[in-house]
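Residue strings, one per chain:
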Amino acid sequence: MFVDSKTINAEPYRIKAVEPMRVTTREHRQEALESAGYNTFLLRSEDVFIDLLTDSGTSAMSDTQWAALMRGDEAYAGSRSFYALEKAVQDVYGFPYVVPTHQGRGAEHLISQILITPGQYTPGNMYFTTTRAHQELAGATFVDVINDKAHDPTAAGAFKGDVDLGKLQKLIDDVGPDKIAYVNVAVTVNLAGGQPVSMANLRAVYELCHPLGILVWSDATRCVENAYFIQQREPGYADRTVAEILREMMSYFDGCTMSGKKDNLVNIGGFLAMRDEGVLQKARSLVVLFEGMPSYGGMAGRDMEAMSVGIREMVDDAYIAHRVRQVEYLGTLLDEEGVPIVKPIGGHGVFLDARAFLPHLEQDVFPAQALAAELYLDSGVRSMERGIVSAGRDPATGDHRRPKLELVRLTVPRRVYTDRHMEVVADSVIRLYRRRSEIRGLAMVYEPETLRFFTARFAPLGA
Ligand SMILES: *Cc1c(COP(=O)(O)O)cnc(C)c1O
């Protein structure tokens, strides 16, 4: 038996610095939960044991990245660290032009303002909160063109993130190519449970759109996890490196928005990358207004330096294999006990199917929110609601949007927790599952106007 990136089943790193975490009592957590209005976003991190709220900005940097911070060039213009970032993006993604932004939504804002004329449509493979919000702010209407399986948490499928070409074609036929601002393809699809898109589908979307002059952009936030799934699942890619697969994926896009806080292995940052010089010029003039000079776009020189290292580390086959397999390990522990989860298990987290977990709760009493609160109470594990609360209200009717998926997301930060932590999380979820009939719903007692899941407050409903 030999060890390589295909067989490794232990963390491919050793621990050089540790961050102690606090173990709390149930009484303490009850108090903390009440003051947080039963919203895990409003908990204080020091009251949390294992924090699976998000994989965003929670990655552990490598020793090389920490060393890179010291090399950061903090010049106001023309920072050496910008050129390091630009070179990393060119080498790893293959886009010639880069505009740094403070995080992914900064890039989404820029591209929405640049490409959208009010009244146009922005088809995408399922919505993402900030992406759709920026598209709507620029006057577009988002249209979901993901395949139907993505909305079914129990459906099998190697590439449940795929665009439904029939739906996309129908939209083009209905409104005309001129009314499509651009197609936005997310790799992987966060709100579908981290499901990947196949290379064949990316190629097909490109081949459908390009002859019609329709631009295809990518939300590349978790593109490396997607590349790993292609390597594992798509015929013809088993012997290609993740780095090679990523380059091919990106070749089917005109540009991408990137949240550096996810696959790029840094705690803050993002960028917009593209092939077209005209888009670059517009992005450079807008970034000055909203983010900062085009050579830093809201990032410190040191952060650009660390991100340029993270971009190269993220395509290491051993790293990405363990990252995705750790998530799969957590999911498998739950699945073996019959806990309803989204399947197949996605790239960045395990998604509990709260409708199936709590069938006695109507969607209007926020089952996923209630389950996330119970999990925190049980073990101090923090998770996130991805269901009716996250979906918000329909601007036209003012009613709740009622997504088919009502999920609790257990998101695994990169390089932070060990497989043993995953076992502790699984034990707690399984305990809750065994006494699921006792879990009650919630009432929303405070609701903000936009992106309500961040700050809404809830109270438990009576028995
Ligand atoms: C996180 C995320 C974004 C936004 O990035 P931020 O860095 O949080 O602004 C966009 N799309 C997807 C799929 C994401 O997960």
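Here the structure is a predicted model, which is why all the values come from computation and not from measurement.

## Some words on the overall build of the protein chain
Counting secondary structure elements, the protein chain contains 16 helices and 14 strands. Relative to a compact globule of 463 residues, whose C-alpha radius of gyration would be 23 Å, the protein chain shows 21 Å and is just as compact. Considered along the principal axes of its C-alpha atoms, the protein chain spans approximately 60 × 55 × 45 Å. Per-residue burial for the protein chain yields a buried fraction of 58% across its 463 residues. If you take every contact in the protein chain between residues at least 6 apart in sequence, the share linking residues at least 24 apart comes to 73%. On the protein chain, roughly 18,600 Å² of surface is accessible, and the fraction owed to carbon and sulfur atoms is 52%.

## Some remarks on the domain arrangement of the protein chain
Domain boundaries in the protein chain define domain 1 (26–55 + 316–460) and domain 2 (63–313). Between domain 1 and domain 2, the C-alpha centre-to-centre distance is 26 Å. Of the residues lining the interface, 32 residues belong to domain 1; the matching set on domain 2 comes to 34 residues. Taken together, both faces of the contact between domain 1 and domain 2 bury some 2,700 Å²; the carbon and sulfur share is 53%. When the area that domain 1 buries against domain 2 is broken down by residue, the three leading residues are Pro 344, Leu 405 and Arg 414, summing to 19%. One can count six salt bridges joining domain 1 with domain 2. In this structure, Glu 136 and Arg 401 form a salt bridge, with 3.5 Å as the shortest nitrogen-oxygen distance. Across the contact surface, domain 1 and domain 2 share 19 residue pairs in polar contact (both at pLDDT 80 or more). If you tally residues by element for the side of domain 1 that touches domain 2, the top one is helix α12 (residues 317–336), at seven residues.

## Looking at the site of the ligand
Surrounding the ligand, one finds 13 residues, the nearest of these being Arg 105, Asp 219, Arg 222, Ser 259 and Lys 262. At 2.5 Å from a nitrogen atom of the ligand is found a side-chain nitrogen or oxygen belonging to Asp 219. Contact with the protein chains hides 96% of the accessible area of the ligand, taken as 380 Å² for the molecule alone.

## Description of the packing of aromatic side chains
Per the counting criterion, the structure on display carries 10 aromatic pairs. Taken together, a centroid distance of 6.3 Å and an interplanar angle of 55° make the contact between Tyr 228 and Phe 229 tilted. The pair Tyr 228 / Phe 229 is uniform in exposure class, with both members buried. Among the aromatic residues, those joined into a ring-pair cluster are Phe 41, Phe 453 and Phe 454. The ring of Tyr 127 has Arg 132 lying over it, and the distance from NZ or CZ to the ring centre is 3.9 Å.

## Side note on the sheet that holds strand β12 (residues 407–411)
One open sheet accounts for three strands, arranged β9-β12-β11; its pairing is antiparallel. In this open sheet, the two edge strands, each paired with only one partner strand, are β9 (349–353) and β11 (384–386). Averaged over all pairs of adjacent strands, the angle between strand axes in this sheet comes to 35°, irrespective of strand direction. Direction of pairing for β11 relative to β12: antiparallel, over a ladder of three bridges. Bridging across to β12, Met 384 finds its partner in Arg 409. Where α12 meets the sheet, it contacts β9 and β12, and its direction lies at approximately 25° from that of β9.

## Side note on the nonpolar core
If you look at the biggest cluster of nonpolar residues, it comprises 74 residues, and the most contacted ones within it are Tyr 93 and Met 249. Viewed by domain, this core spans two of them, domain 1 (26–55 + 316–460) and domain 2 (63–313), each represented by three or more residues. Those residues within four positions of Tyr 93 in sequence are excluded, and the remaining contacts are Ala 88, Cys 223, Arg 247, Met 250, Cys 256, Met 258, Asn 264, Phe 271, Ile 311 and Met 314. Residues Ile 50, Phe 357, Leu 358 and Leu 371 belong to the second largest nonpolar core, which totals 31 residues.

## Digging into unusual backbone geometry
Backbone torsion omega between Val 187 and Thr 188 reads -10°, so that peptide bond is classified as cis. As for its position among the elements, Thr 188 is in the loop between β5 (183–186) and α7 (199–209). The residue after Lys 343, namely Pro 344, is reached through a cis peptide bond having omega -5°. For Pro 344, the location among the structural elements is in the loop between α12 and β9. Residue Arg 415 is not a glycine yet carries a positive backbone phi of 65°. Locating Arg 415 in the fold gives a position in the loop between β12 and α16 (419–434).

## A look at the pairing of strand β6 (residues 216–219)
Going residue by residue along β6, you find Val 216 and Ser 218 tucked away on one face and Trp 217 and Asp 219 tucked away on the opposite face as well. Pairing of β5 with β6, which is carried by four bridges, proceeds in the parallel orientation. Bridged to Val 185 within β6 is Ser 218. For the crossover that starts at β5, traverses α7 and ends in the parallel β6, the hand is right-handed. The sheet contact formed by β6 and strand β7 (residues 255–259) spans three bridges and is parallel.

## What to know about helix α11 (residues 301–313)
Compared with an ideal rise of 1.5 Å per residue, which puts 13 residues at 18 Å, α11 spans 19 Å between its outermost C-alpha atoms and is within 8% of the ideal. Residues Gly 301, Met 304, Glu 305, Ala 306, Met 307, Ser 308, Val 309, Gly 310, Ile 311 and Glu 313 constitute the buried set of α11. The secondary structure elements touched by the buried residues of α11 are α2 (63–71), α3 (80–92), β2 (97–101), β8 (270–274) and α12.

## Re the packing of helix α8 (residues 223–233) against helix α9 (residues 242–250)
Taken N-terminus to C-terminus, the directions of α8 and α9 make an angle of 110°; their axes are 9 Å apart at the nearest point. One element, α8, and the other, α9, form an angle in the roughly perpendicular class. Of the residues in α9, those touching α8 at Cys 223, Val 224, Asn 226, Ala 227, Tyr 228, Ile 230 and Gln 231 are Val 242, Ile 245, Leu 246, Met 249 and Met 250. Per-class residue counts for the contact of α8 with α9 are 10 nonpolar, two polar and no charged.

The rules we used
Counting starts from 1 at the beginning of each chain's written sequence and moves along it residue by residue. Thresholds applied to this predicted model are a pLDDT of at least 70 for local features of residues and 80 or more for the giving and counting of side-chain atom pairs; totals over whole chains, interfaces and linings are not thresholded and use all residues. With hydrogens and water set aside, each side-chain value is computed from the structure's full complement of heavy atoms. Secondary structure elements follow DSSP: runs of H or I no shorter than four residues count as helices, runs of E no shorter than two count as strands, and numbering proceeds from the N terminus. To get the radius of gyration, use the C-alpha atoms; to get the globule rule, take the number of residues to the power 0.38 and multiply by 2.2 Å. Whether a residue is buried, partly exposed or exposed follows from its accessible area with a 1.4 Å probe, protein chains only, as a fraction of its type maximum: under 20%, in between, or over 50%, in that order. We call two residues in contact when some of their heavy atoms are within 4.5 Å. Each accessible area is a Shrake-Rupley estimate made with a 1.4 Å probe; only the visible protein chains count as cover when residues are assessed. Where each domain starts and ends follows an automatic or database-derived domain assignment. Using a 1.4 Å probe, buried area is obtained as the accessible area two parts lose upon being combined, added over both of them. A pairing counts as a salt bridge when a side-chain nitrogen of Lys or Arg comes within 4 Å of a carboxyl oxygen of Asp or Glu. What qualifies as a polar contact is a pair of N or O atoms within 3.5 Å, subject to a donor-acceptor requirement within protein and to the restriction that residues adjacent in sequence count only when both atoms come from side chains. Being near a molecule or strand, for a residue, means having at least one of its heavy atoms within 4 Å of it. Geometry of aromatic contacts follows a simple scheme: Phe, Tyr and Trp rings, the Trp one being its six-membered ring, pair when their centres are within 6.5 Å, and the pair is stacked under 30 degrees between planes, edge-to-face over 60, tilted otherwise. Placement of a positive charge over a ring is assigned whenever Lys NZ or Arg CZ falls within 6 Å of the ring centre and within 35 degrees of the normal to the ring plane. Criterion used throughout: strands pair if DSSP finds at least two bridges between them. With axes taken as lines fitted to C-alpha atoms, and helix axes fitted only over the stretch in contact, angles between N-to-C directions fall between 0 and 180 degrees. Working definition of a nonpolar core: buried Ala, Val, Leu, Ile, Met, Phe, Trp, Tyr and Cys residues. They are joined through side-chain atoms within 4.5 Å. Here a crossover is taken to be right-handed if, once the strands point away from the viewer, the path from the first strand over the helix to the second is traced clockwise. The length a helix should cover is 1.5 Å for every residue beyond the first. Should an angle lie under 35 degrees it is considered roughly parallel, over 145 roughly antiparallel, and from 65 to 115 roughly perpendicular; all remaining angles are considered oblique. Amino acids outside the nonpolar list (Ala, Val, Leu, Ile, Met, Phe, Trp, Tyr, Cys, Pro) and the charged list (Asp, Glu, Lys, Arg) are all regarded as polar, and Gly is one of them.

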